[in-house]
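Examining the three-dimensional arrangement
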Amino acid sequence: MCGRYSLFLEETEIRDILNAVHRQGQESKTGEIYPTNPAPVLTLRQGRLTPQVQVWGFPGFGPRKGVIINARAETAGEKPMFRRSLETGRCVVPSTGFYEWSQDKKKIKYRFRLPGSRILYMAGLYREFQGEMRYVILTTAANESVADVHDRMPVVLLPGQVEEWVGDKGHLPLLTRTPPLLERTAV
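What comes next concerns the included structure.

1. What to know about unusual backbone geometry
Positive phi is not limited to glycine here, since glutamine 46 has a value of about 50°. The residue glutamine 46 is located in the loop between β3 (38-45) and β4 (48-56) in this model. In the Ramachandran plot, glutamine 130 falls in the positive-phi region, its phi being about 50° despite a non-glycine side chain.

2. Here's the deal with the sheet that holds strand β2 (residues 31-33)
Sheet strands line up and pair through hydrogen bonds in the backbone, either parallel or antiparallel. Spatial strand order, β2-β1-β9-β10-β15: 5 strands in an open sheet with antiparallel pairing. Only two strands of the sheet have a single partner each, and these edge strands are β2 and β15 (183-186). Sheet twist, expressed as the average angle between the axes of neighbouring strands with direction ignored, equals 30°. As paired strands, strand β9 (residues 97-101) and strand β10 (residues 109-113) are joined by 4 bridges and run antiparallel to one another.

3. Comments concerning the side chain of glutamate 11
Locating glutamate 11 in the fold gives a position in the loop between β1 (4-7) and α1 (12-23). One buried charge, glutamate 11, has no salt-bridge partner; the nearest side chain with opposite charge is arginine 118, at 5.1 Å. Those residues in contact with glutamate 11 that lie beyond four places of it in its chain are Arg118 and Ile119.

Rules used throughout
- Residues numbered from 1 in each chain as written.
- Predicted model: local features only at pLDDT ≥ 70, side-chain atom pairs only at ≥ 80, totals over all residues.
- Heavy atoms only, no water.
- Helix = DSSP H or I, 4+ residues; strand = E, 2+ residues; numbered from the N terminus.
- Pairing = 2+ DSSP bridges.
- Axes fitted to C-alpha atoms, helices over the stretch in contact; angles between N-to-C directions.
- Buried < 20%, exposed > 50% of the residue type's maximum accessible area, 1.4 Å probe, protein only.
- Lys, Arg positive; Asp, Glu negative; His and termini not counted.
- Salt bridge = Lys/Arg side-chain N within 4 Å of Asp/Glu carboxyl O.
- Contact = heavy atoms within 4.5 Å.

Laid out in structure tokens, this is it:
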């Protein structure tokens, strides 16, 4: 699961994305991003990756209150809430890492990042709800670098996979591959 992530201005690419959305007149939260915060995502528009601000979380349904912030990569294509977005509403969630908490009594907060990189891209899905664009982050089974903290992790896209994720509407190999190993820091 990914319940929070970071969007710090320490990386030039993040600053460029935020400057682009500000030029469009959109406002985005930075720092630690929580569910329901407006934050930038990258979508494919006229053949180009374009940043736009959306709200994190699909509205809950039925007896569920709140928002749905993640979708399981293994079953997203089977779920009515995510099926259409998997076909036509893929996005990339830029970040500078994501957070998970240890499950022991200490509840240590860890920030996970790609080794040697200050940016981490996560696969996402988006769609419109009552005139507002919203996104979720796709998750997968945690690899050995995350598993002792949490059993799920975001589907991490390496820089060369970003355009493949948003542009390839057929085959979904990125959802079934083993995620890259991540480094973690207690924060």
